[in-house]
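Architecture at a glance
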Amino acid sequence: MGNRINGNWGNGEKEVGKRRCGEQEKWGRNMWITICFMIWLGTLGLLDLCYRKVPIWLMAVGTVAAVGFALCRYLAGAGGWEGLERIQRLPYDLAPGGILLAVSMITGKTGLADGIVLLATGLFLEPGSGFAVFSLSLFILALFSVALLLMGKAGRNTKVPYLPFLWLACVIQMVWL
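Numbering of residues starts from 1 in each chain and follows the order in which that chain's sequence is written. Residues qualify for local features only when their pLDDT is at least 70, as the model is predicted, and side-chain atom pairs are given and counted only at 80 or more; totals for whole chains, interfaces and linings, by contrast, use all residues. Side-chain calculation: all heavy atoms of the structure are included, whereas hydrogens and water are not.

1. Concerning the overall build of the protein chain
When helices and strands are counted, the protein chain shows 6 helices and 0 strands. Counted from the first residue to the last, the protein chain has its helices and strands arranged as α-α-α-α-α-α. The buried label applies to any residue whose accessible area, calculated with a 1.4 Å probe on protein chains only, is under 20% of its type's maximum; exposed applies above 50%, and partly exposed to all values in between. Among the 177 residues that make up the protein chain, the fraction classed as buried is 34%. Whether two residues are in contact is decided by their heavy atoms: any pair within 4.5 Å suffices. For the protein chain, long-range pairs separated by at least 24 residues make up 67% of all intrachain contacts whose partners lie at least 6 apart in sequence. Helix numbers and strand numbers start at the N terminus; a helix is a DSSP run of H or I with at least 4 residues, a strand a run of E with at least 2.

What follows is the structure, encoded as structure tokens:
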């Protein structure tokens, strides 16, 4: 490590305050977008928990916002390696939502809204964390389902809403991971 002269540390960093390629920005300038996203997802989760329905207009507003946010984020990083990395990670962020949509259309065992909201969630999250949130939400859902079964509160065909667990997985991912 060299001496700091004019913002250089002597190890290739050009500016101390700038992110290097590959570093994730959790809060920073996207804090308000993150807060709005979490309020949107929490509202959908609460409605799914209480009424087992999600209003289409509310889901559409968040999905359109997610697409706009993703376009701005991916176009802003379009230059250089960082933009290429973000674009290459996009299929991994959208794949869980696509999988859930396919399961919903083929079997009808999951809600169509779950897949659409998971697609939007993949666009809102940091690039590359779509599968992590999807896996974590399924793990939490499985733990909850096993607890319900052991307590005798649920049977084999009991339907459990997915969106509250997706919200919880997003909170865990944003805070701890």
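What follows picks up the thread again.
2. A short note on the nonpolar core
What is meant by a nonpolar core is a set of buried Ala, Val, Leu, Ile, Met, Phe, Trp, Tyr and Cys residues, joined one to another through side-chain atoms within 4.5 Å. In terms of nonpolar packing, the biggest core is built from 30 residues, with Phe37, Trp40, Val117, Tyr162 and Leu166 touching the most fellow members. Every element with two or more residues in this core is listed here: helix H1 (31-51), helix H2 (56-76), helix H4 (112-124), helix H5 (130-151) and helix H6 (163-175). When near neighbours in sequence (up to four residues on either side) are disregarded, Tyr162 contacts Asp48, Leu100, Asp114, Leu118, Phe134, Ser137, Leu138 and Leu141.

3. A word on H4
With 13 residues, H4 ought to run about 18 Å at 1.5 Å a step, and its terminal C-alpha atoms sit 19 Å apart, in line with that. Buried within H4 we find Asp114, Gly115, Val117, Leu118, Ala120, Thr121, Gly122, Leu123 and Phe124. To estimate the expected span of a helix, count its residues, drop one, and scale the result by 1.5 Å.

4. Comments concerning the environment of Pro127
Checked against the element boundaries, Pro127 lands in the loop between H4 and H5. Among the residues examined, Pro127 registers a relative accessible area of 7% and is labelled buried. Between the C-alpha atoms of Pro127 and Arg73, which are 54 residues apart in sequence, the distance is 10.0 Å.

5. As for unusual backbone geometry
Glycine aside, negative phi is the norm for most residues, and most peptide bonds take the trans geometry. Not every positive phi belongs to a glycine, and Arg52 is a case in point at roughly 60 degrees. On the basis of relative accessible area, Arg52 is assigned to the partly exposed category, the value being 49%.

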